[in-house]
Amino acid sequence: MNEKIANNKEQNFVSAVIYVHNAEDRIAAFLGMVMEVMEKNFEHSEIICVNDSSEDESLAVIRDVSKRAVKTSISVVNMSYYHGLELAMDAGMDLAIGDFVFEFDSTVPDFDPSVIMKIYRHSLEGYDIVSASPNRKERLSSRLFYRIFAKFAAVSYRMNTESFRVLSRRVINRVSSMNKTAPYRKALYANCGLKTDCIRYEVTEYPMGKSTDGGRGDNAAQPAHHRKRRDRREQRYRLDLAADALILFTEVGYRFSMTMTVVMMLMSIFMTVYSLVTYFVIHPVEGWTTTILFLSVAFFGLFGILTIIVKYLQLLVDMVFKRKHYSFESIEKLTK
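Figured I'd write up the structure that's included with this text.

Reading the values: the criteria
- Residues numbered from 1 in each chain as written.
- Predicted model: local features only at pLDDT ≥ 70, side-chain atom pairs only at ≥ 80, totals over all residues.
- Heavy atoms only, no water.
- Helix = DSSP H or I, 4+ residues; strand = E, 2+ residues; numbered from the N terminus.
- Buried < 20%, exposed > 50% of the residue type's maximum accessible area, 1.4 Å probe, protein only.
- Contact = heavy atoms within 4.5 Å.
- Areas by Shrake-Rupley, 256 points an atom, 1.4 Å probe, with all protein chains shown as cover.
- Phe/Tyr/Trp six-rings, centres within 6.5 Å; stacked < 30°, edge-to-face > 60°.
- Axes fitted to C-alpha atoms, helices over the stretch in contact; angles between N-to-C directions.
- Parallel < 35°, antiparallel > 145°, perpendicular 65-115°, else oblique.
- Nonpolar A, V, L, I, M, F, W, Y, C, P; charged D, E, K, R; others polar.
- Patch = residues over 30% accessible without salt bridge, like charges linked within 9 Å, V, L, I, M, F, W, Y side chains within 5 Å.
- Salt bridge = Lys/Arg side-chain N within 4 Å of Asp/Glu carboxyl O.

**Notes on the overall build of the chain**
Piece 1. Helix and strand counts for the chain stand at 11 helices and eight strands.
Piece 2. The buried share of the chain, taken over its 336 residues, is 47%.
Piece 3. In the chain, of all internal contacts separated by at least 6 residues, the share reaching a separation of at least 24 is 85%.
Piece 4. With the model as given, the accessible surface of the chain reaches about 18,200 Å², and the carbon-plus-sulfur share is 58%.

Laid out in structure tokens, this is it:
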């Protein structure tokens, strides 16, 4: 009977990479859910938790939950310091050996466990990237970012807020050969040229259950729709990431520079004609107000252009010379 059940499981080796940063109030439920799906549906699977320098008891909770694993291999990558989502996930992806790899950017369990298999089975229909997005209104900042990105980026792929995605080994290899130092994975996925799709899911309150960490998870019973709080460091990181992505992957900087250049040229022509007409016809006292206005606009445009140029140079220097891929402190193999 057990052999028959095992034969019904998926034979592809599947990896799940989970980003963890100060998630002690939800990682027990989330890791337990992912682990249950892996063991129920796949003959061979692994889960890699990337502990991005958490300052709470997230690591202890992961160790406790991993004791319940029967066949799924569970590991933890402890980053040396806070890297942010992108580099931390790169560390986990480099360790993943699955034919298909799930990327869980968030540990908020706001979807039914069946969505994981729905996304996976959809990928078997010929899609190299299938993402899962909550069917709810996005934050204003996210909507603005994705709208600007879609308008100025030369890609047909429409980005939106995603909770997780599954990648084939083919897309992982292609992205690795494209540019491993680019700061925004989703932009690389959009530019990889392979077939992608996005599935919307209805937000649900997955039962959080009791904490397995001996009383440390008093908040584990909170409903899943209570979104995680981001510390200032994470908020600052996401703002910087958005700015870098827009400048690096879109024409926002170029369009702004060209617009300001054209405005400055038109104003220069206008002021030249105006000055000549005034000099030969009216002979007035020097126009202090007009001069100050012209200089103000001109300097604004000039500094705007210089800002974009400096930002481009900063990104190039960071990517080519200064950027460290990532640095981890240790790798813990919690299960065999």
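**Comments concerning the environment of E57**
Piece 1. As for its position among the elements, E57 is in the loop between β2 (45-51) and α3 (58-66).
Piece 2. A relative accessible area of 36% means that E57 is categorised as partly exposed.
Piece 3. Residues E57 and E24, spaced 33 residues apart in sequence, show a C-alpha to C-alpha distance of 5.6 Å.

**Structural notes on α3**
Piece 1. Across the nine residues that make up α3, a large majority, seven, are buried.
Piece 2. Residues of α3 that are buried: S58, L59, A60, V61, I62, V65 and S66.

**Here's the deal with helix α5 (residues 114-123)**
Piece 1. A large share of α5 lies buried, amounting to seven of its 10 residues.
Piece 2. Within α5, burial applies to V115, I116, M117, I119, Y120, H122 and S123.
Piece 3. Buried positions along α5 lie against β1 (14-20), α2 (27-41), β4 (100-104), β5 (129-134), β6 (164-168) and β7 (196-201).

**Digging into the packing of aromatic side chains**
Piece 1. Enumeration over the complete set of coordinates arrives at nine aromatic pairs.
Piece 2. On the basis of an interplanar angle of 80° and a centroid distance of 5.4 Å, the ring pair of F30 and F104 is categorised as edge-to-face. Here F30, found in helix α2, pairs with F104, found in strand β4; they are 74 residues apart in sequence, far enough to count as distant. Across the pair, F104 and F30 agree in class, each one buried.
Piece 3. Between F111 and F164, the ring centres sit 4.9 Å apart and the planes meet at 40°, which makes this aromatic pair tilted. Of this pair, F111 sits in the loop between β4 and α5 while F164 sits in strand β6, placing them 53 residues apart in sequence.

**Overview of the packing of α2 against α5**
Piece 1. For the pair α2 and α5, the least separation of the axes is 10 Å and the interaxial angle reads 50°. If you check the angle between α2 and α5, you find them oblique. Counted together, V34, V37, M38 and N41 of α2 and I116, M117 and R121 of α5 form the full contact between these two elements.
Piece 2. Class assignment for the residues of the contact of α2 with α5 results in five nonpolar, one polar and one charged.

**A look at a nonpolar patch on the surface**
Piece 1. Taken together, the side chains of L295, F299, L302, F303, L306, I309, L313 and L316 present a nonpolar region at the surface, about 720 Å² in accessible area.
Piece 2. Note on placement: L316 falls in helix α11 (residues 288-322).

**A look at the pattern of salt bridges**
Piece 1. Counted by the stated rule, this structure contains seven salt bridges.
Piece 2. Ionic pairing is found between R165 and E103, a salt bridge with its closest N-O pair at 2.7 Å. Here the residue R165 occupies a position in strand β6, and E103 occupies one in strand β4, the gap between them amounting to 62 residues. Comparing R165 with E103 shows no difference in burial state: the two are buried.
Piece 3. Under the relative-accessibility criterion, R165 is labelled buried at 1%.
Piece 4. Ionic contacts of the salt-bridge type, sharing partners, join the residues E103, D105, E162 and R165 into one network.

**Re unusual backbone geometry**
Piece 1. The phi dihedral of N22 falls on the positive side, at around 50°, and the residue is not glycine.
Piece 2. When you line up the elements, N22 lands in the loop between β1 and α2.
Piece 3. By relative accessible area, N22 is classed as partly exposed at 22%.
Piece 4. Phi at S53 is positive, roughly 55°, even though this residue is not glycine.

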